[in-house]
Amino acid sequence: MLKMTDISKTFNPGTVNEKPVLKGLSLHIHPGDFITVIGGNGAGKSTMLNVIAGVHKSDGGQILLDGTDITYLPEQKRARLLGRVFQDPMMGTAANMSIEENLAMAFRRTKHRGLRWGVSASEVAGYREALSRLELGLEDRLTSKVGLLSGGQRQALTLLMATLQKPKLLLLDEHTAALDPKTAAKVLDLTEEIISEDHLTALMVTHNMRDAIKLGNRLIMMHDGRIIYDVSGEEKKNLQVEDLLKKFETAAGEALANDRMLLAN
Amino acid sequence: MLATIISGTAQGFSWVLLTLGVYITFRLLDFADLTVEGSFPLGAGVSVVLVNAGVNPFLAFLIAFVCGMTAGAITGFLNTVCKIPPILSGILTMISLYSINLRIQSGRATVTFQEDTARNIIAGWLPDGFSNNSIAILVGAILAALTIAILYFFFGTEIGAALRATGNNPYMARALSVNTKAMTVLGLMLSNGLIAASGSFYAQFDYGSAIVTMGQGSIVIGLASVIIGEVLFCHKDHSFAYKLTAIVIGALIYRIVYSLALYGDFMEETDLKLVTAVIVVLMLSVPVIKDFIASRHARAVNTAKYKNGGAADA
């Protein structure tokens, strides 16, 4: 499915602010994997997702998606293959456009855009049905501007938009971190539901170790630009938060430092 | 007075296309584009020179549109490829156009039509008795309606929606496979094409010549028109076609007010840049003034409530 080999990324190279973030990262994602990603501050979790999505180009290494080399493919072309949900609920939707216009943009993620009508009447019924899955009553507000929705509603909508056309890989970058606990739980349930029902392959960064253990079939822990722990199957199911903390100390030689993670557990 | 309003309306139609162009960059693309001040005289200059060289005035109008698109493409190139900030990209194209426009006009600051303009030709088609002003209003209104219709349909298409999404949230647009650089360039081309066409219309239907400095302040005029239209007629929920129409009316109102300001003897033509700035300031301050009045009122009500020994229930 996705195969990253020896990926490196340094920000501001050659300046006093030079910051190596990814240092020879390799990861092989299998079809149907739902991987949760945890790690300390500055471990490179978001950068890894951004390098996969093409927001940042890697300095070295290779990224293969279904055998195709996408290492140098521009962000908007990779977007045809990937679904993305950001940490900031404002980032995944266009506030001044209506709910149906946002969905229609997402519906055309995998297609060539031309001078056909931006939202065709035949699509709208499908959008209504897709929205009803969220159980937020948005199916009756198709023409409302997205800017009128709450952060949680926008994040749920972004999730729906990211999966409206089945992505080869779904990238979730701490997508519940900015939501209140109740809404976060709801969006997380929805995430699990959509991933399992649509048989998606997903990579989810989270700061919540309990969620990281509970969700998905595989867990990876990052530290200092590399993957230091990769666990799946039964072993992952039986993990405890304490085990993760201990693993981290053994592998990294220091205590786990992630402000949000410590607050959340 | 009525004559002033009519001539103001006629002049207003010269600025309608410019206003729609400014609306595309400032509101839809969220790009503060100053190319305007160069592409407006570009459209006028190209038209005069071409018509004097024997080119059909209607064709000259279309060529002016294409020249404006080219200017917009250059600003877009500077911004998206050379990564120069929007305002500076526009300024660089604008000052380049000053030199280019002088070249086009063979070094003359002013060039005047020697041959028939589109207005003269249309006047020949119409029965006698149509004044220059009424021709400008007639043609301007048809052109405005046509442009609104085209823009309405274009921004409703897949590419149009991608362009709006680019202006609204470029991160989202890229994540949904939109080439935001291409959309920025396209928006700037469309906008400056309209602005140059506006310059051509102004030269052919109103002014009769092209001056290299005629673009000075045009960005503020465009913004003033957009803001007047929005403040007076628009709500957030209005449809796109309605908004475009409101903005066109804003452009007309601006010109009428401008003409009326000149009507008396107390103001010189040279004062009008100041008048324009004051109009923009007033229109932009409307929300602040509304808030101020509302909060004053709420405060007075609240003070009165507690004045008589605290009427509020404990």
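All of the points below concern the structure found in this document. Along each chain, the written sequence defines residue order, and numbers are assigned to residues from 1. Just so you know, chain letters begin at A and ligand numbers begin at 1, following the order they were written in. With pLDDT at 70 or above as the cut-off, local features in this predicted model cover only qualifying residues; side-chain atom pairs require 80 or more to be listed or tallied, and sums for whole chains, interfaces and linings still use all residues.

**Remarks on the overall build of chain A**
What counts is decided by this rule: A helix here means a DSSP run of H or I that spans at least four residues, while a strand means a run of E at least two residues long, and both kinds are numbered starting from the N terminus. The globule rule is 2.2 Å times the number of residues to the power 0.38, and the radius of gyration it is compared with is taken over C-alpha atoms. Here a residue counts as buried when 20 or more other C-beta atoms fall within 10 Å of its C-beta, as exposed when 12 or fewer do, and as partly exposed in between; the C-beta atoms come from the backbone. Here, residues touch in the contact sense if the C-beta positions derived from the backbone fall within 7 Å of one another.
A count of helices and strands for chain A gives 10 helices and 10 strands. Here chain A has a C-alpha radius of gyration of 19 Å; the compact-globule value for 265 residues is 18 Å, and the two agree. Counting only C-alpha atoms and orienting by the principal axes, one finds that chain A spans roughly 60 × 40 × 35 Å. Classification of the 265 residues of chain A by burial places 43% in the buried group. For chain A, the share of sequence-separated contacts (at least 6 apart) that also reach a separation of at least 24 residues comes to 70%.

**Some remarks on the overall build of chain B**
Helix and strand counts for chain B come out as 12 helices and 2 strands. The C-alpha extent of chain B, read off along each of the three principal axes, is 85 × 55 × 35 Å. Sorting the 314 residues of chain B into buried and exposed places 46% on the buried side. A sequence separation of at least 24 residues applies to 80% of the contacts in chain B between residues at least 6 apart.

**As for the environment of Leu50(B)**
As for its placement among the helices and strands, Leu50(B) is situated in helix H2 (residues 36-52). Separated by 161 residues in the primary sequence, Leu50(B) and Ile211(B) place their C-alpha atoms 15 Å from one another.

**What about the packing of helix H3 (residues 57-80) of chain B against helix H4 (residues 86-104) of chain B?**
Residues and elements named next belong to chain B. We count it as follows: Whenever a helix is involved, its axis is fitted only over the stretch in contact; in every case the axis is a line through C-alpha atoms, and angles between N-to-C directions fall within 0 to 180 degrees. An angle below 35 degrees is treated as roughly parallel, one above 145 as roughly antiparallel, one from 65 to 115 as roughly perpendicular, and anything else as oblique. Left-handed describes a crossing in which the near helix is turned anticlockwise from the far one by less than a right angle; the clockwise case is right-handed. When residues are grouped by polarity, Ala, Val, Leu, Ile, Met, Phe, Trp, Tyr, Cys and Pro land in nonpolar, Asp, Glu, Lys and Arg in charged, and all others, Gly among them, in polar.
In contact at an axis separation of 9 Å, H3 and H4 are set at 140° when each is read in the N-to-C sense. Considering the angle they form, H3 stands oblique to H4. Relative to H4, H3 is oriented so that their crossing is right-handed. Of the residues in H4, those touching H3 at Ala71, Ile74, Thr75, Leu78 and Asn79 are Pro86, Ser89, Gly90, Leu92, Thr93 and Leu97. Split into classes, the residues belonging to the contact of H3 with H4 amount to 6 nonpolar, 5 polar and no charged.

**Some details on the interface of chain A and chain B**
On the side of chain B, 19 residues touch chain A, which itself brings 24 residues to the contact. Listed by contribution, the elements that provide at least two residues to the side of chain A that touches chain B are helix H2 (75-78) and helix H3 (99-107) of chain A. Ranked by residue count, the leading element in the side of chain A that touches chain B is H3(A), at 4 residues. The residue inventory of the side of chain A that touches chain B, partitioned by class, reads 10 nonpolar, 6 polar and 8 charged.

**Things to note about the sheet that holds strand E9 (residues 218-223) of chain A**
Each strand in a sheet pairs with its neighbour through backbone hydrogen bonds, running either in the same direction (parallel) or in the opposite one (antiparallel). All names here are of chain A. The criterion, for reference: When DSSP locates at least two bridges between a pair of strands, those strands are taken to pair.
On the basis of which strands lie adjacent, the open sheet formed by 6 strands has the order E6-E7-E8-E3-E9-E10 and mixed pairing. The open sheet has two edge strands with one neighbour each: strand E6 (82-85) and strand E10 (226-232). Between one strand axis and the next, the sheet turns through 20° on average, direction left out of account. By the bridge criterion, 6 bridges tie E9 to E10 in an arrangement that is antiparallel. When the bridges of E10 are listed, Met221 appears paired with Tyr229. On top of the sheet, helix H1 (residues 45-53) reaches strand E3 (34-39), E6, strand E7 (169-173), strand E8 (202-205) and E9; it is set at about 145° to E7, its chief contact.

**What about the pairing of strand E4 (residues 60-65) of chain A?**
Residue and element names in this part refer to chain A. By the bridge criterion, 5 bridges tie strand E1 (residues 2-11) to E4 in an arrangement that is antiparallel. By the bridge assignment for E4, Leu2 is matched with Leu65. The pairing of E4 with strand E5 (residues 68-69) spans 2 bridges and is antiparallel. Along E5, the bridge assignment pairs Leu64 with Asp69.

**Quick word on the packing of H2(B) against helix H9 (residues 180-207) of chain B**
Residue and element names in this part refer to chain B. Taken N-terminus to C-terminus, the directions of H2 and H9 make an angle of 50°; their axes are 7 Å apart at the nearest point. Regarding the angle of H2 to H9, the classification is oblique. Seen from above, H2 lies across H9 with right-handed handedness. Judged by residue contacts, Val36, Ser39, Phe40, Pro41, Leu42, Gly43, Ala44, Ser47 and Val48 of H2 engage Asn192, Ile195, Ala196, Ala197, Ser198, Gly199, Ser200, Tyr202, Ala203 and Gln204 from H9.

**Structural notes on the sheet that holds E4(A)**
Residues and elements named next belong to chain A. Taken in spatial order, the 4 strands line up as E2-E1-E4-E5 in an open sheet, and their pairing is antiparallel. Each end of this open sheet is capped by a strand with a single partner; those strands are strand E2 (19-29) and E5. On top of the sheet, H1 reaches E1, E2 and E4; it is set at about 65° to E2, its chief contact.

**Section: the pairing of E1(A)**
Sheet analysis places E1(A) next to E2(A), joined by 8 bridges and oriented antiparallel. Bridge pairing in E2(A) links Lys3(A) to His28(A).

**Section: H9(B)**
Residues and elements named next belong to chain B. Filter applied, for reference: The span you would expect from a helix comes to 1.5 Å times its residue count less one.
With 28 residues, H9 should reach 40 Å at 1.5 Å per residue; the first-to-last C-alpha distance of 38 Å fits that figure. Most of H9 is tucked away, with 24 of its 28 residues classed as buried. Downstream of H9 by one or two residues, Gly208 has phi in the positive range, about 85°.

**Points about the nonpolar core**
Using the following cut-off: What makes a nonpolar core is a set of buried Ala, Val, Leu, Ile, Met, Phe, Trp, Tyr and Cys residues, with links drawn between C-beta atoms within 7 Å.
In terms of nonpolar packing, the biggest core is built from 157 residues, with Leu171(A), Leu203(A), Leu20(B) and Ala165(B) touching the most fellow members. Element by element, the count of residues in this core is highest for H9(B), at 14 residues. Contact partners of Leu171(A), with chain neighbours within four places excluded, come to Leu49(A), Ile52(A), Ala53(A), Leu82(A), Gly83(A), Arg84(A) and Leu203(A).

**Observations regarding unusual backbone geometry**
All names here are of chain A. If you check the backbone angles, Glu135 has positive phi at about 55° while not being a glycine. Within the secondary structure, Glu135 is located in the loop between helix H4 (121-132) and helix H5 (151-164). For Glu135, a count of 11 C-beta atoms within 10 Å puts it in the exposed group. Even without being glycine, Glu174 reaches a positive phi, approximately 45°.

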